[in-house]
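Coordinate analysis (summary)
Here is what each chain is made of, one letter per residue.
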Amino acid sequence: MPHIITKITRADPADVAALARFGAATIHEAQGRLGAVSSKIKPIDRNMSVCGPAFTVVSAPRDNIMLQLAIHYAQPGDVIVVSAGEYAEAGSFGDVLGNACLAKGIAGVITDTGVRDTLELIKLGLPVFSLSVCIKGTVKETLSQINGDIIIGGQLVRPGDVVKGDADGVVVVRREDAADAAQKSAAREAAEAGYIAAYQSGRSVIDVSNLDAVLRAKGLTTDL
């Protein structure tokens, strides 16, 4: 029997907006190097970026009926996150469903299977992150679950958790940690700006990163 839940607890919209300001790599580092989805899942265009609450769905490999149901039930601003068994040889999402997502105000799609019609999807401007690009068609047969906990790219994603994707990859932030992750990301970004300013002023990377003692302890003298 299908397991469909439509009422979920989403991260606070203000926290989602705060996280959206930062890159996926910054968020990953700031929250203790947690939440990084496998680097195999990439945007179909490097200019694509998405941040929003996860609307999770499980699909059988080479089957997109549950993805279509997810599009039906998702709310504006949601990011549909699909666990489909890390199956690369299927094009489960294309420009037709991309238009359906845009019509509903869905923020983007992240999937561990393949997509197709990528040129059209890029023109649409819908952020899509996938395991592969594949022209092979799918069936509409197997019912499964919507808005249960899923695993995608080695990461647990719960309904309403925040997912941020950009050119560098995808990171997951637990919904209850979103505000803290945003604050820590801001602090990290400020620190990195300080490092860059120090380099531009002529200071060395060893000095800025306080590496001298570490290197000496390993037997390396950095004196010229």
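Residue indices follow the written sequence of each chain, beginning from 1 at its first position. The predicted origin of the model limits local features to residues at a pLDDT of at least 70 and limits the giving and counting of side-chain atom pairs to 80 or more, whereas totals for whole chains, interfaces and linings rest on all residues. Hydrogens and water are ignored here; the side-chain numbers use all heavy atoms of the structure.

On to the UniProt feature "binding site: Mg(2+)" (unreviewed entry) in the protein chain, then. UniProt positions are given in the numbering used here, feature names are shortened, and annotations may be inferred rather than shown by experiment. On the UniProt side, "binding site: Mg(2+)" (unreviewed entry) is annotated at positions that read Asp117 here. By secondary structure assignment, the location of aspartate 117 is in the loop between strand S6 (114-115) and helix H5 (118-124). Ignoring any residue separated from it by four or fewer positions in sequence, one finds aspartate 117 in contact with Gly94 and Asp95. Strands here are runs of E lasting at least two residues and helices are runs of H or I lasting at least four, both read from the DSSP assignment and numbered beginning at the N terminus. When checking whether two residues touch, look at their non-hydrogen atoms; a contact exists if any pair is within 4.5 Å.

A few words now on the packing of helix H1 (residues 13-20) against helix H6 (residues 178-200). Axes here mean lines fitted to C-alpha atoms, for a helix over just the part in contact, with angles spanning 0 to 180 degrees between N-to-C directions. Where H1 contacts H6, the axes come no closer than 9 Å and their chain directions differ by 25 degrees. Here H6 runs roughly parallel to H1, going by the angle between their axes. In this structure, the crossing between H1 and H6 has a hand that is left-handed. Residues Asp15, Ala18 and Leu19 of H1 pack against Ala178, Ala179, Ala181 and Ala182 of H6. Residue classes in the contact of H1 with H6 are distributed as six nonpolar, no polar and one charged. Each angle gets one of four labels, with under 35 degrees taken as roughly parallel, over 145 as roughly antiparallel, 65 to 115 as roughly perpendicular, and the rest as oblique. Two helices cross in a left-handed way if the nearer one is turned anticlockwise from the farther one by less than a right angle. They cross in a right-handed way if the turn is clockwise. Three classes are used: nonpolar for Ala, Val, Leu, Ile, Met, Phe, Trp, Tyr, Cys and Pro, charged for Asp, Glu, Lys and Arg, and polar for all others, with Gly counted as polar.

As a further point, take the pattern of salt bridges. Just to be clear on terms, a salt bridge is a Lys or Arg side-chain nitrogen sitting within 4 Å of an Asp or Glu carboxyl oxygen. For the coordinates displayed, the defined rule picks out twelve salt bridges. Aspartate 78 serves as the salt-bridge partner of arginine 10, at 2.8 Å between the closest nitrogen and oxygen. With arginine 10 in the loop between strand S1 (3-4) and H1 and aspartate 78 in the loop between helix H3 (65-73) and strand S4 (79-83), this pair connects stretches of sequence that are 68 residues apart. Each residue is placed in one exposure class: buried if its accessible area under a 1.4 Å probe, protein chains only, is under 20% of its type's maximum, exposed if it is over 50%, and partly exposed if it falls in between. The exposure class assigned to arginine 10 is partly exposed, which follows from its relative accessible area of 28%. Looking at aspartate 78, the relative accessible area reads 1%, which means it is buried. Salt-bridge contacts for glutamate 176 lead to arginine 174; the nearest nitrogen and oxygen are separated by 2.4 Å. Three or more residues are tied together by salt bridges with common partners; here these are Arg158, Asp161, Arg174, Arg175, Glu176 and Asp177.

A cluster of nonpolar side chains, namely Tyr195, Tyr199 and Val205, defines an oily patch on the protein surface of about 280 Å² accessible area. Turning to its location among the elements, tyrosine 199 is positioned in helix H6. For tyrosine 199, a relative accessible area of 34% puts it in the partly exposed group. In this scheme, patches are assembled from residues that exceed 30% relative accessible area and form no salt bridge. Like charges are connected within 9 Å, while nonpolar side chains (Val, Leu, Ile, Met, Phe, Trp, Tyr) are connected within 5 Å. Calculation of accessible area relied on Shrake-Rupley with a 1.4 Å probe; when residues are assessed, cover is drawn exclusively from the protein chains displayed.

As a further point, take the packing of H3 against helix H4 (residues 95-104). Pairs of packed helices are described in terms of their axes, by the angle between the two and the distance that separates them. Two numbers describe how H3 lies on H4: the axes approach to 9 Å, and their chain directions differ by 20 degrees. Judged by the inter-axis angle, H3 sits roughly parallel to H4. Every pair of crossing elements has a handedness; the one defined by H3 and H4 is left-handed. In contact with Leu67, Gln68, Ile71, His72 and Tyr73 of H3, H4 contributes Leu97, Ala100, Cys101 and Lys104. Classifying every residue of the contact of H3 with H4 by side-chain character gives six nonpolar, two polar and one charged.

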